[in-house]
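# Examination of the molecular architecture
So the chains spell out like this:
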Amino acid sequence: MRQGGRVGLGLVLPLALAIGWEIAIDPGLVSGRLLPPPSRIGATLLDLAASGDLLMHVQATLIRVGLGFLWGAAVGILAGGLVATLPTLRWLLDPSLQALRAVPSLAWVPLFILWFGILETPKVLLIAVGVFFPVYVGVSGAIASVDRKLIEVGRIFRLSRFGLARRILLPAVLPATLVGLRTGLGLGFLFVVAAELMGASEGLGYLLVDGQQFGKPDQIVAAIFDFAAAGKLADLVLMTLTRPLTRWQDTERESL
Amino acid sequence: MTGETLHHAPGPSLQLLTQEIPVLIVDDLSKTYADGTQALAGINLSVHPGEIVALVGGSGCGKTTLLRLIAGLDQASGGCVQVDGETIREPHPDVGVVFQEARLLPWLDVADNVGFGLAGLTGSEHRGRVVGALERIGLAEHADRWPRELSGGQQQRVAIARAFVTIPRVLLLDEPFSALDAFTRRDLHDQLLNLWGEAKPTILLVTHDVGEAVTLADRVVVMRPRPGRLDETIVIGPARPRDPVAAHHENAVRRVMAALDRSLRPAAAHQPLAPEDRATWW
């Protein structure tokens with residue numbers, strides 16, 4: 001009940017704005033040509049959905065984000081783990097990676113297009129680059145800051161290297177890793193737009209470009225709305241899947 | 001066993017002759033850090049099965065360093081440590097440790113923390129041991145709580161249970177009660193002796209609390225600093241339970257205090273006490 005009330009309160013502002021805009025356009029107070037009323041955006045969304053186009057575009061975007069996320073996260077976890085556990089590798093790699101991290105990822109776009117053309121490869125790669133860095137930083141930082149005292153507990157009970165990794169390191173770095181993954185997923189959605197703006201024949205980013213070129217603001221807003229929904233949903237899925245892993249941390253937050 | 005047979009580690013031939021073979025032997029142990037600081041010099045100590053020995057001394061006299069060497073967590077610069085005749089180079093399955101902090105694993109509930117070090121048992125044996133230990137420390141109803149939900153005293157009880165549940169031959173306690181208030185400490189002393197009473201592991205207890213040392217130990221060994229060495233030994237005797245207001249107890253506390261006081265003075269000014277209080281190592 002209490003939580004329902006909070007959700008309801010969060011809906012007040014967007015609903016009021018939507019209704020206000022609808023009311024202002026209806027009697028002709030504003031034209032609504034550049035910002036269509038919610039009813040027209042809703043109709044556009046329904047049309048797109050009915051024709052099956054919406055599903056196709058959402059699917060295309062989600063597949064790109066998904067692939068880029070998987071690659072970026074996998075390489076990020078691997079690199080973060082290796083760099084944090086092998087000092088030589090850290091001194092060798094970390095400075096370069098930190099320098100690359102400082103490059104705004106969009107700066108790669110022209111180069112990726114030159115190298116890989118404008119098909120799927122550069123898109124997935126760009127997203128993967130965006131996902132990689134927060135995951136890499138999260139994992140390597142988490143491993144570096146594992147409490148030495150807990151590792152000593154593992155040594156006292158004579159855990160093998162593998163046992164130490166599985167029973168102490170892994171659970172200890174999990175929370176920070178998940179934060180990195182979550183940030184990475186958010187950045188994945190940021191970069192899928194950039195990737196699709198550089199040329200695509202399907203995907204939500206394509207809907208944006210198409211709406212701009214053909215003067216269909218309702219389609220642009222509909223695509224933005226879909227981005228919000230897809231991003232929020234993906235985050236929710238990630239959080240739901242990983243919640244059991246960090247339950248020991250969440251007790252306090254959940255009891256509040 | 002009495003406190004009179006507590007001299008330098010007997011050689012192998014002598015061990016065969018005595019009925020009680022020391023389970024823990026520290027032989028001429030020294031530790032010098034990389035920067036040249038000598039933390040421990042020529043430590044000799046032998047502890048018999050079931051004996052409880054307290055190590056007391058001012059801060060920085062190497063008590064914890066000594067315990068870490070015995071635990072196999074750090075490497076000695078000279079000499080050796082033997083448990084059951086095996087030289088310690090890394091943590092040994094027969095040696096349990098309780099640290100100053102509980103060091104529970106925050107992602108495991110209380111029961112899983114207690115059972116963390118149990119290896120090679122079937123599911124039901126494992127469960128049985130953990131449940132038994134939890135009942136003895138009075139935390140059975142907290143079995144599925146997270147460590148963060150427990151008080152400091154409860155957490156330390158879990159840490160003690162985690163060490164006892166593997167039934168070690170030697171248990172090393174590094175100021176395990178120092179962060180707790182006096183009431184909780186008294187309570188935990190009783191629980192410790194309770195758990196100890198079952199398998200009677202050998203206990204080496206590092207503490208800076210003289211009352212605690214005299215309450216728990218069969219003998220109290222005083223360390224002197226710079227470099228850390230064993231100084232005098234005060235034999236308390238094996239009788240338990242102890243009455244903290246008994247004259248014998250107060251007398252023992254006074255003797256340990258006096259020895260501690262002497263240990264902090266320069267070695268030149270050192271005057272040995274009566275023979276029965278004198279240490280045999282230096």
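Residues numbered from 1 in each chain as written. Chains lettered and ligands numbered in written order. Predicted model: local features only at pLDDT ≥ 70, side-chain atom pairs only at ≥ 80, totals over all residues. Heavy atoms only, no water.

Residues and elements named next belong to chain B. Ordered by their spatial adjacency, 6 strands build an open sheet running β6-β7-β8-β3-β9-β10, and the pairing between neighbours is mixed. With one partner strand each, in any of the chains shown, β6 (95-98) and β10 (229-235) form the two edges of the open sheet. Averaged over all neighbouring strand pairs, the angle between strand axes comes to 20°, with direction disregarded. Pairing analysis gives 5 bridges linking strand β9 (residues 219-224) to β10, with the strands arranged antiparallel. Bridge assignment links Val221 to a residue of β10, and that residue is Thr233. Set on the sheet, helix α5 (residues 152-164) makes contact with β6, β7 (170-174) and β8 (202-206); between it and β6 the angle comes to about 175°. (Pairing = 2+ DSSP bridges. Helix = DSSP H or I, 4+ residues; strand = E, 2+ residues; numbered from the N terminus. Axes fitted to C-alpha atoms, helices over the stretch in contact; angles between N-to-C directions. Contact = heavy atoms within 4.5 Å.)

Grouped together as the largest cluster of nonpolar side chains are 47 residues, with contacts concentrated most on Val114(B), Leu134(B), Phe164(B), Ile203(B) and Val220(B). If one sorts the elements of this core by residue count, α5(B) sits on top with 6 residues. Each of domain 1 (12-94 + 170-277) and domain 2 (105-167) of chain B accounts for three or more of the residues forming this core. Ignoring any residue separated from it by four or fewer positions in sequence, one finds Ile203(B) in contact with Glu51(B), Ile52(B), Val53(B), Phe164(B), Leu171(B), Leu173(B) and Trp196(B). With 45 residues, the next largest nonpolar core counts Phe112(A), Phe133(A), Ala142(A) and Leu174(A) among its residues. (Core = buried A, V, L, I, M, F, W, Y, C linked by side-chain atoms within 4.5 Å. Buried < 20%, exposed > 50% of the residue type's maximum accessible area, 1.4 Å probe, protein only. Domains from an automatic or database assignment.)

On to the layout of surface pockets, then. All names here are of chain A. Size it by volume and the largest pocket reaches roughly 630 Å³. Lining of the largest pocket is provided by 21 residues; of these, Gly81, Thr85, Ile143, Ala165 and Leu169 occupy positions nearest its centre. Across the lining of the largest pocket, the residue classes break down as 16 nonpolar, 4 polar and 1 charged. Approximately 350 Å³ is the volume found for the second largest pocket. Every residue lining the second largest pocket is counted, 13 residues in all, and those nearest its centre are Ala18, Pro38, Ile41, Val221 and Phe225. Those elements that provide at least two residues to the lining of the second largest pocket are α1 (2-25), α2 (38-51) and α10 (217-242). Looking at the lining of the second largest pocket residue by residue, the class counts come to 12 nonpolar, 1 polar and no charged. (1 Å grid on protein atoms, 1.4 Å probe; cavity = no way out; pocket = protein on both sides within 12 Å on 5 of 7 lines; lining within 4 Å. Points joined across faces, edges and corners; volume = space filled by probe spheres on them. Nonpolar A, V, L, I, M, F, W, Y, C, P; charged D, E, K, R; others polar.)

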